[in-house]
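# Examination of the molecular architecture
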Amino acid sequence: MKLEEVRKEIDQIDEQMLNLFLRRMDAAAQVARIKAQTGQPIYNQRREQEILDEVTKKAGAYAAPAKILFQTMMDVSRALQHNLLGGGKELREQIEHADAAPLRERVDAVIACPGTKGSFSSLAAKNLFPDSTLAFYPRFYDVFDAVKKGEATFGVVPVENSTAGSVEEVYDLLLKHRFFIAGEEMLPIDHCLCGVPGATLSSIRRIYSHPQGLNQCRGIIDACSAEAVACDNTAIAADLVAKERDPANAAICSAQAAQKNGLVILKKPAQDIGGNTTRFIVISRTLIIEPEADKISLSFSLPHVTGSLHRILSRFAACGLNLTKIESRPMENSRFEYLFYLDFTGSARAKDTLSLLCALSGDLPEFTFLGNYAARRESGETADI
Ligand SMILES: C=C(O[C@@H]1C=C(C(=O)O)C=C[C@H]1O)C(=O)O
(Lines give C-alpha, C1' and ligand atoms only; values in the text may rest on other atoms or scores of the structure.)
Protein backbone atom coordinates (compact mmCIF):
# COMPACT_ATOMS: atom_id res chain seq x y z
CA MET A 1 0.00 0.00 0.00
CA LYS A 2 1.15 3.52 -0.76
CA LEU A 3 1.44 6.21 1.93
CA GLU A 4 -1.56 8.11 0.53
CA GLU A 5 -3.71 4.99 0.70
CA VAL A 6 -2.79 4.21 4.31
CA ARG A 7 -3.50 7.83 5.22
CA LYS A 8 -6.93 7.55 3.65
CA GLU A 9 -7.57 4.53 5.82
CA ILE A 10 -6.42 6.45 8.90
CA ASP A 11 -8.78 9.32 7.97
CA GLN A 12 -11.69 6.88 7.76
CA ILE A 13 -10.80 5.29 11.10
CA ASP A 14 -10.51 8.75 12.70
CA GLU A 15 -13.94 9.71 11.46
CA GLN A 16 -15.45 6.56 12.92
CA MET A 17 -13.57 7.05 16.17
CA LEU A 18 -14.71 10.66 16.41
CA ASN A 19 -18.33 9.62 15.94
CA LEU A 20 -17.95 6.91 18.54
CA PHE A 21 -16.28 9.37 20.92
CA LEU A 22 -19.17 11.82 20.50
CA ARG A 23 -21.66 9.00 21.15
CA ARG A 24 -19.69 7.97 24.24
CA MET A 25 -19.78 11.56 25.57
CA ASP A 26 -23.56 11.77 24.93
CA ALA A 27 -23.97 8.49 26.81
CA ALA A 28 -21.91 9.90 29.71
CA ALA A 29 -24.22 12.93 29.75
CA GLN A 30 -27.20 10.57 30.11
CA VAL A 31 -25.42 8.77 32.95
CA ALA A 32 -24.95 12.19 34.63
CA ARG A 33 -28.70 12.88 34.49
CA ILE A 34 -29.48 9.48 36.03
CA LYS A 35 -26.89 10.02 38.73
CA ALA A 36 -28.43 13.42 39.55
CA GLN A 37 -31.82 11.72 40.03
CA THR A 38 -30.51 8.79 42.06
CA GLY A 39 -27.92 10.75 44.05
CA GLN A 40 -24.99 8.54 42.96
CA PRO A 41 -21.47 9.97 42.91
CA ILE A 42 -19.97 10.76 39.52
CA TYR A 43 -16.79 8.77 40.07
CA ASN A 44 -17.21 5.00 40.09
CA GLN A 45 -13.78 3.51 40.51
CA ARG A 46 -14.94 -0.11 40.22
CA ARG A 47 -16.68 0.47 36.90
CA GLU A 48 -13.64 2.28 35.49
CA GLN A 49 -11.34 -0.53 36.62
CA GLU A 50 -13.57 -3.13 34.97
CA ILE A 51 -13.45 -1.18 31.71
CA LEU A 52 -9.66 -0.86 31.90
CA ASP A 53 -9.19 -4.57 32.71
CA GLU A 54 -11.30 -5.50 29.71
CA VAL A 55 -9.39 -3.11 27.42
CA THR A 56 -6.02 -4.39 28.66
CA LYS A 57 -7.12 -7.99 28.08
CA LYS A 58 -8.35 -7.37 24.56
CA ALA A 59 -5.74 -4.91 23.26
CA GLY A 60 -2.86 -7.40 23.07
CA ALA A 61 0.40 -5.70 22.09
CA TYR A 62 -1.27 -2.28 22.38
CA ALA A 63 -2.53 -2.83 25.95
CA ALA A 64 -0.53 0.05 27.49
CA PRO A 65 -1.44 2.79 24.96
CA ALA A 66 -5.04 1.54 24.84
CA LYS A 67 -5.24 1.93 28.60
CA ILE A 68 -4.03 5.54 28.37
CA LEU A 69 -6.60 6.25 25.66
CA PHE A 70 -9.48 4.84 27.70
CA GLN A 71 -8.33 6.47 30.94
CA THR A 72 -8.28 9.81 29.14
CA MET A 73 -11.75 9.20 27.71
CA MET A 74 -13.07 8.44 31.17
CA ASP A 75 -11.38 11.56 32.58
CA VAL A 76 -13.13 13.78 30.04
CA SER A 77 -16.39 11.88 30.51
CA ARG A 78 -16.23 12.60 34.25
CA ALA A 79 -15.33 16.25 33.58
CA LEU A 80 -18.40 16.57 31.35
CA GLN A 81 -20.58 15.05 34.06
CA HIS A 82 -19.17 17.40 36.72
CA ASN A 83 -19.96 20.37 34.52
CA LEU A 84 -23.45 19.17 33.66
CA LEU A 85 -24.27 18.66 37.32
CA GLY A 86 -22.81 22.03 38.27
CA GLY A 87 -19.72 20.53 39.96
CA GLY A 88 -17.38 23.06 41.49
CA LYS A 89 -20.31 25.49 41.89
CA GLU A 90 -18.72 27.13 44.91
CA LEU A 91 -15.43 27.63 43.10
CA ARG A 92 -17.24 29.06 40.06
CA GLU A 93 -19.05 31.58 42.24
CA GLN A 94 -15.89 32.45 44.12
CA ILE A 95 -14.00 33.14 40.87
CA GLU A 96 -16.87 35.02 39.24
CA HIS A 97 -17.25 37.30 42.27
CA ALA A 98 -13.55 37.77 43.05
CA ASP A 99 -12.38 41.26 44.01
CA ALA A 100 -10.70 42.85 40.95
CA ALA A 101 -9.31 46.09 42.42
CA PRO A 102 -5.59 46.46 41.52
CA LEU A 103 -3.06 45.74 44.27
CA ARG A 104 -1.24 49.04 43.66
CA GLU A 105 -4.32 51.01 44.66
CA ARG A 106 -4.73 49.36 48.05
CA VAL A 107 -3.18 52.19 50.02
CA ASP A 108 -4.77 51.15 53.33
CA ALA A 109 -3.30 47.65 53.16
CA VAL A 110 -0.65 46.50 55.63
CA ILE A 111 1.96 44.28 53.99
CA ALA A 112 3.75 41.68 56.10
CA CYS A 113 7.37 41.12 55.03
CA PRO A 114 9.96 38.72 56.40
CA GLY A 115 13.07 40.17 58.05
CA THR A 116 13.74 43.81 58.71
CA LYS A 117 14.05 46.93 56.53
CA GLY A 118 16.17 46.18 53.48
CA SER A 119 15.09 42.54 53.19
CA PHE A 120 14.66 41.50 49.55
CA SER A 121 10.99 40.69 50.21
CA SER A 122 10.40 44.22 51.43
CA LEU A 123 11.98 45.59 48.23
CA ALA A 124 9.57 43.43 46.23
CA ALA A 125 6.66 44.58 48.45
CA LYS A 126 7.53 48.23 47.82
CA ASN A 127 7.33 47.64 44.05
CA LEU A 128 3.97 45.88 44.35
CA PHE A 129 2.42 48.23 46.92
CA PRO A 130 4.21 51.58 46.55
CA ASP A 131 1.84 53.45 48.93
CA SER A 132 1.06 50.80 51.54
CA THR A 133 2.54 50.28 55.00
CA LEU A 134 5.11 47.51 55.48
CA ALA A 135 5.19 45.47 58.71
CA PHE A 136 8.17 43.24 59.47
CA TYR A 137 8.14 39.73 60.91
CA PRO A 138 11.23 37.60 61.64
CA ARG A 139 10.36 34.41 59.75
CA PHE A 140 8.23 33.28 56.79
CA TYR A 141 6.12 31.40 59.35
CA ASP A 142 5.38 34.69 61.17
CA VAL A 143 4.38 36.42 57.91
CA PHE A 144 1.79 33.69 57.24
CA ASP A 145 0.64 33.92 60.86
CA ALA A 146 0.19 37.71 60.59
CA VAL A 147 -1.98 37.27 57.48
CA LYS A 148 -3.95 34.51 59.19
CA LYS A 149 -4.64 36.68 62.25
CA GLY A 150 -5.56 39.68 60.08
CA GLU A 151 -2.67 41.78 61.46
CA ALA A 152 -1.63 42.21 57.84
CA THR A 153 -3.81 42.42 54.72
CA PHE A 154 -1.18 40.71 52.56
CA GLY A 155 2.21 39.06 52.91
CA VAL A 156 5.10 39.14 50.43
CA VAL A 157 7.42 36.11 50.45
CA PRO A 158 9.99 34.61 48.06
CA VAL A 159 9.08 31.38 46.26
CA GLU A 160 12.00 30.65 43.98
CA ASN A 161 15.43 31.82 42.96
CA SER A 162 17.06 31.31 39.58
CA THR A 163 20.23 29.90 41.21
CA ALA A 164 19.12 28.14 44.40
CA GLY A 165 15.66 26.93 43.30
CA SER A 166 12.41 26.78 45.26
CA VAL A 167 11.94 28.15 48.76
CA GLU A 168 10.39 24.94 49.99
CA GLU A 169 9.36 26.31 53.37
CA VAL A 170 7.12 28.89 51.66
CA TYR A 171 5.44 26.22 49.51
CA ASP A 172 4.78 24.16 52.64
CA LEU A 173 3.29 27.16 54.45
CA LEU A 174 1.19 28.06 51.43
CA LEU A 175 -0.16 24.52 51.14
CA LYS A 176 -0.83 24.38 54.88
CA HIS A 177 -2.70 27.70 55.08
CA ARG A 178 -4.23 27.49 51.59
CA PHE A 179 -4.05 31.26 51.24
CA PHE A 180 -4.63 32.78 47.83
CA ILE A 181 -1.85 34.20 45.69
CA ALA A 182 -2.87 37.70 44.61
CA GLY A 183 0.23 38.80 42.70
CA GLU A 184 3.90 38.23 42.02
CA GLU A 185 7.08 40.21 41.58
CA MET A 186 10.54 39.36 40.24
CA LEU A 187 13.66 41.09 41.47
CA PRO A 188 17.25 40.95 40.32
CA ILE A 189 19.11 39.85 43.45
CA ASP A 190 22.52 41.40 43.91
CA HIS A 191 23.96 40.09 47.13
CA CYS A 192 26.70 41.86 49.07
CA LEU A 193 29.20 40.30 51.37
CA CYS A 194 29.57 42.86 54.14
CA GLY A 195 31.15 43.20 57.57
CA VAL A 196 31.76 45.76 60.29
CA PRO A 197 34.19 48.62 59.49
CA GLY A 198 37.71 47.17 59.67
CA ALA A 199 36.68 43.73 58.42
CA THR A 200 38.43 42.46 55.28
CA LEU A 201 37.92 39.43 53.07
CA SER A 202 40.82 37.74 54.88
CA SER A 203 39.43 38.44 58.40
CA ILE A 204 36.10 36.70 57.70
CA ARG A 205 35.55 33.36 59.46
CA ARG A 206 31.73 33.15 59.65
CA ILE A 207 29.17 34.22 57.04
CA TYR A 208 25.54 34.73 58.09
CA SER A 209 22.54 34.70 55.76
CA HIS A 210 19.29 32.97 54.92
CA PRO A 211 19.98 29.46 53.47
CA GLN A 212 18.88 30.77 50.06
CA GLY A 213 21.48 33.58 50.25
CA LEU A 214 24.16 31.10 51.36
CA ASN A 215 23.28 28.73 48.50
CA GLN A 216 23.49 31.54 45.94
CA CYS A 217 26.97 32.62 47.13
CA ARG A 218 28.84 29.32 47.68
CA GLY A 219 31.91 30.56 45.76
CA ILE A 220 32.76 33.45 48.08
CA ILE A 221 32.02 31.36 51.21
CA ASP A 222 34.49 28.72 49.99
CA ALA A 223 37.04 31.37 48.94
CA CYS A 224 36.98 32.81 52.49
CA SER A 225 37.08 29.27 54.00
CA ALA A 226 34.26 30.59 56.17
CA GLU A 227 31.59 28.75 58.12
CA ALA A 228 28.11 29.32 56.64
CA VAL A 229 25.61 30.17 59.38
CA ALA A 230 21.88 30.06 58.54
CA CYS A 231 19.62 32.92 59.72
CA ASP A 232 15.89 33.57 59.31
CA ASN A 233 16.50 36.35 56.81
CA THR A 234 19.32 38.18 54.97
CA ALA A 235 18.50 41.56 56.59
CA ILE A 236 18.41 39.90 60.03
CA ALA A 237 21.89 38.50 59.26
CA ALA A 238 23.12 42.08 58.59
CA ASP A 239 21.58 43.26 61.85
CA LEU A 240 23.30 40.42 63.75
CA VAL A 241 26.72 41.15 62.24
CA ALA A 242 26.37 44.87 63.12
CA LYS A 243 25.42 44.02 66.72
CA GLU A 244 28.24 41.51 67.26
CA ARG A 245 30.91 43.96 66.00
CA ASP A 246 33.34 41.14 65.22
CA PRO A 247 35.53 41.56 62.09
CA ALA A 248 35.46 37.74 61.74
CA ASN A 249 31.72 37.90 60.95
CA ALA A 250 30.11 38.85 57.65
CA ALA A 251 26.59 38.85 56.22
CA ILE A 252 25.22 38.13 52.76
CA CYS A 253 22.37 40.60 52.22
CA SER A 254 21.13 43.47 50.04
CA ALA A 255 23.15 46.70 49.68
CA GLN A 256 20.24 48.45 51.42
CA ALA A 257 20.47 46.14 54.45
CA ALA A 258 24.26 46.65 54.59
CA GLN A 259 23.84 50.44 54.47
CA LYS A 260 21.06 50.51 57.10
CA ASN A 261 23.29 48.58 59.51
CA GLY A 262 26.44 50.65 58.87
CA LEU A 263 28.28 47.68 57.34
CA VAL A 264 31.02 47.95 54.72
CA ILE A 265 30.68 46.03 51.49
CA LEU A 266 33.54 43.55 50.97
CA LYS A 267 32.26 42.01 47.73
CA LYS A 268 29.42 42.92 45.37
CA PRO A 269 27.98 41.04 43.57
CA ALA A 270 28.63 38.13 45.91
CA GLN A 271 26.49 35.56 44.09
CA ASP A 272 27.97 32.76 41.98
CA ILE A 273 25.86 33.21 38.84
CA GLY A 274 24.92 36.32 36.86
CA GLY A 275 21.26 37.21 36.31
CA ASN A 276 20.41 35.99 39.82
CA THR A 277 16.67 36.60 40.16
CA THR A 278 14.06 35.82 42.81
CA ARG A 279 10.32 35.52 42.34
CA PHE A 280 8.06 36.68 45.17
CA ILE A 281 4.34 36.12 45.71
CA VAL A 282 1.62 38.10 47.48
CA ILE A 283 -0.40 35.95 49.87
CA SER A 284 -3.95 36.90 50.77
CA ARG A 285 -6.84 35.46 52.78
CA THR A 286 -9.35 36.67 50.19
CA LEU A 287 -9.44 35.90 46.49
CA ILE A 288 -8.30 38.83 44.35
CA ILE A 289 -8.17 38.48 40.57
CA GLU A 290 -6.82 41.61 38.90
CA PRO A 291 -8.17 42.26 35.37
CA GLU A 292 -4.83 41.39 33.73
CA ALA A 293 -4.44 38.10 35.66
CA ASP A 294 -2.78 35.53 33.39
CA LYS A 295 -1.27 32.95 35.72
CA ILE A 296 -3.14 30.29 37.69
CA SER A 297 -1.83 28.42 40.74
CA LEU A 298 -3.40 25.33 42.22
CA SER A 299 -2.60 22.26 44.26
CA PHE A 300 -3.90 18.70 44.62
CA SER A 301 -2.81 15.26 45.68
CA LEU A 302 -2.83 12.19 43.46
CA PRO A 303 -3.17 8.49 44.02
CA HIS A 304 -0.05 6.38 43.38
CA VAL A 305 -1.45 5.12 40.07
CA THR A 306 0.53 4.89 36.85
CA GLY A 307 0.02 7.95 34.69
CA SER A 308 -2.18 9.88 37.15
CA LEU A 309 -0.13 13.11 36.90
CA HIS A 310 0.21 12.75 33.13
CA ARG A 311 -3.56 12.50 32.77
CA ILE A 312 -4.15 15.70 34.73
CA LEU A 313 -1.47 17.59 32.81
CA SER A 314 -2.92 16.48 29.50
CA ARG A 315 -6.24 18.07 30.49
CA PHE A 316 -4.52 21.40 31.04
CA ALA A 317 -2.68 21.05 27.76
CA ALA A 318 -5.97 20.31 25.96
CA CYS A 319 -7.28 23.62 27.34
CA GLY A 320 -4.24 25.48 25.91
CA LEU A 321 -2.75 26.17 29.34
CA ASN A 322 1.03 26.14 29.57
CA LEU A 323 2.60 24.63 32.69
CA THR A 324 5.27 27.00 34.06
CA LYS A 325 6.08 25.39 37.41
CA ILE A 326 5.49 22.13 39.23
CA GLU A 327 6.52 21.34 42.75
CA SER A 328 5.77 18.31 44.88
CA ARG A 329 5.89 18.50 48.65
CA PRO A 330 5.46 15.67 51.16
CA MET A 331 2.02 15.57 52.76
CA GLU A 332 1.76 15.95 56.52
CA ASN A 333 1.22 12.69 58.41
CA SER A 334 1.77 10.44 55.41
CA ARG A 335 4.88 8.69 54.23
CA PHE A 336 5.91 9.38 50.63
CA GLU A 337 2.60 10.87 49.56
CA TYR A 338 2.74 14.25 47.93
CA LEU A 339 0.84 17.43 47.37
CA PHE A 340 1.46 18.83 43.91
CA TYR A 341 1.69 22.57 43.39
CA LEU A 342 1.31 23.87 39.81
CA ASP A 343 1.49 27.21 38.00
CA PHE A 344 -0.12 27.62 34.58
CA THR A 345 -0.55 30.47 32.18
CA GLY A 346 -4.21 31.34 31.79
CA SER A 347 -7.23 33.25 33.03
CA ALA A 348 -9.66 31.56 35.43
CA ARG A 349 -12.40 33.77 33.99
CA ALA A 350 -12.03 32.17 30.53
CA LYS A 351 -15.02 29.83 30.00
CA ASP A 352 -13.13 26.59 29.21
CA THR A 353 -10.51 27.15 31.90
CA LEU A 354 -13.17 27.85 34.52
CA SER A 355 -15.00 24.65 33.50
CA LEU A 356 -11.78 22.65 33.79
CA LEU A 357 -11.03 24.08 37.25
CA CYS A 358 -14.57 23.32 38.43
CA ALA A 359 -14.39 19.75 37.07
CA LEU A 360 -11.01 19.18 38.73
CA SER A 361 -12.29 20.54 42.03
CA GLY A 362 -14.87 17.75 42.02
CA ASP A 363 -12.48 15.11 40.74
CA LEU A 364 -9.13 15.52 42.51
CA PRO A 365 -8.33 14.80 46.13
CA GLU A 366 -7.29 17.92 48.08
CA PHE A 367 -7.83 20.18 45.07
CA THR A 368 -7.23 23.83 45.98
CA PHE A 369 -7.46 26.80 43.65
CA LEU A 370 -4.70 29.07 44.90
CA GLY A 371 -5.27 32.08 42.70
CA ASN A 372 -5.09 33.86 39.37
CA TYR A 373 -2.77 36.83 39.14
CA ALA A 374 -0.62 38.88 36.80
CA ALA A 375 2.58 37.01 35.89
CA ARG A 376 5.81 39.00 35.90
CA ARG A 377 8.02 38.22 32.92
CA GLU A 378 10.61 40.92 33.50
CA SER A 379 12.36 41.70 36.74
CA GLY A 380 11.19 44.83 38.53
CA GLU A 381 13.59 47.53 39.69
CA THR A 382 15.23 47.03 43.06
CA ALA A 383 13.49 49.79 44.99
CA ASP A 384 15.30 51.86 47.56
CA ILE A 385 13.56 52.01 50.92
C1 LIG B 1 -20.02 7.12 32.78
C2 LIG B 1 -19.92 6.89 34.10
O3 LIG B 1 -19.30 7.79 34.99
C4 LIG B 1 -17.90 7.77 35.23
C5 LIG B 1 -17.21 7.64 33.94
C6 LIG B 1 -17.02 6.41 33.39
C7 LIG B 1 -16.78 6.25 31.92
O8 LIG B 1 -16.55 7.27 31.25
O9 LIG B 1 -16.84 5.12 31.42
C10 LIG B 1 -17.09 5.29 34.24
C11 LIG B 1 -17.37 5.38 35.56
C12 LIG B 1 -17.58 6.66 36.23
O13 LIG B 1 -16.43 6.99 36.97
C14 LIG B 1 -20.52 5.70 34.74
O15 LIG B 1 -20.68 5.71 35.96
O16 LIG B 1 -20.86 4.77 34.00
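Residues numbered from 1 in each chain as written. Predicted model: local features only at pLDDT ≥ 70, side-chain atom pairs only at ≥ 80, totals over all residues. Heavy atoms only, no water.

## A short note on the environment of Glu-185
What counts, and what does not: Secondary structure elements are taken from DSSP: a helix is a run of H or I of four residues or more, a strand is a run of E of two residues or more, and numbering for both begins at the N terminus. The contact criterion used is simple: two residues touch if any of their non-hydrogen atoms lie within 4.5 Å.
With respect to the helices, strands and loops of the structure, Glu-185 is situated in strand E5 (residues 180-188). Distance in space between the C-alpha atoms of Glu-185 and Thr-324 is 15 Å, their sequence separation being 139 residues. If sequence neighbours within four positions are ignored, Glu-185 has contacts with Ala-124, Asn-127, Leu-128, Thr-278, Arg-279, Phe-280, Arg-376 and Gly-380.

## Looking at the domain arrangement of the protein
Under the convention used in this document: These domain boundaries are the output of an automatic or database domain assignment.
Considered domain by domain, the protein is made up of domain 1 (1-85) and domain 2 (192-267). Of note, the centres of domain 1 and domain 2, computed from C-alpha atoms alone, are 61 Å apart.

## What to know about the pairing of strand E15 (residues 368-373)
Here is the rule: For every residue, the accessible area (1.4 Å probe, protein chains only) is compared with the maximum for its type, and the residue is labelled buried under 20%, exposed over 50%, or partly exposed between those bounds. Criterion used throughout: strands pair if DSSP finds at least two bridges between them.
With six of its six residues buried, E15 lies for the most part within the structure. One ladder, built from five bridges, connects strand E12 (residues 295-301) with E15; its direction is antiparallel. Bridge pairing in E15 links Lys-295 to Tyr-373.

## Observations concerning the packing of helix H6 (residues 140-149) against helix H7 (residues 168-177)
Applied cut-off: Axis definition: a line fitted to C-alpha atoms, over the contacting stretch in the case of helices. Angles run 0 to 180 degrees between N-to-C directions. Angular relationships are summarised with four words: roughly parallel below 35 degrees, roughly antiparallel beyond 145, roughly perpendicular across 65 to 115, and oblique for the angles in between. By definition, turning the near helix anticlockwise from the far helix through less than a right angle yields a left-handed crossing, and turning it clockwise yields a right-handed one. Under the scheme applied, nonpolar residues are Ala, Val, Leu, Ile, Met, Phe, Trp, Tyr, Cys and Pro; charged residues are Asp, Glu, Lys and Arg; polar residues are all the others, including Gly.
Where H6 meets H7, the axes come as close as 10 Å, and the angle between the chain directions of the two elements is 25°. One way to sum up the angle between H6 and H7 is to call them roughly parallel. In the crossing of H6 with H7, the sense of the turn from one axis to the other is right-handed. In contact with Phe-140, Tyr-141, Phe-144 and Lys-148 of H6, H7 contributes Glu-169, Val-170, Leu-173, Leu-174, Lys-176 and His-177. Considered class by class, the residues forming the contact of H6 with H7 number six nonpolar, one polar and three charged.

## A look at the site of the ligand
Test applied: When at least one non-hydrogen atom of a residue lies within 4 Å of a molecule or strand, that residue is treated as near it. For this analysis, a polar contact is any N or O atom pair within 3.5 Å, provided that within protein one partner can donate a hydrogen and the other can accept it, and provided that sequence-adjacent residues contribute only side-chain to side-chain pairs. Here, Shrake-Rupley sampling with a 1.4 Å probe gives the accessible areas, and only protein chains in the shown set may cover a residue.
Neighbouring the ligand are 13 residues, the closest being Arg-24, Lys-35, Asn-44, Glu-48 and Ser-77. Between Ile-42 and the ligand, the recorded distance is 3.5 Å, taken from a backbone N or O atom to an oxygen atom. Taking Asn-44, its main chain carries an N or O atom lying 2.8 Å from an oxygen atom of the ligand. Alone, the ligand offers 360 Å² of accessible surface; in the complex the protein occludes 91% of this. Those elements that provide at least two residues to the shell around the ligand are helix H1 (3-38), helix H2 (45-58) and helix H3 (63-84). The dominant element in the shell around the ligand, judged by the number of residues it contributes, is H3, at four residues. Partitioned by chemical class, the residues of the shell around the ligand number five nonpolar, three polar and five charged.

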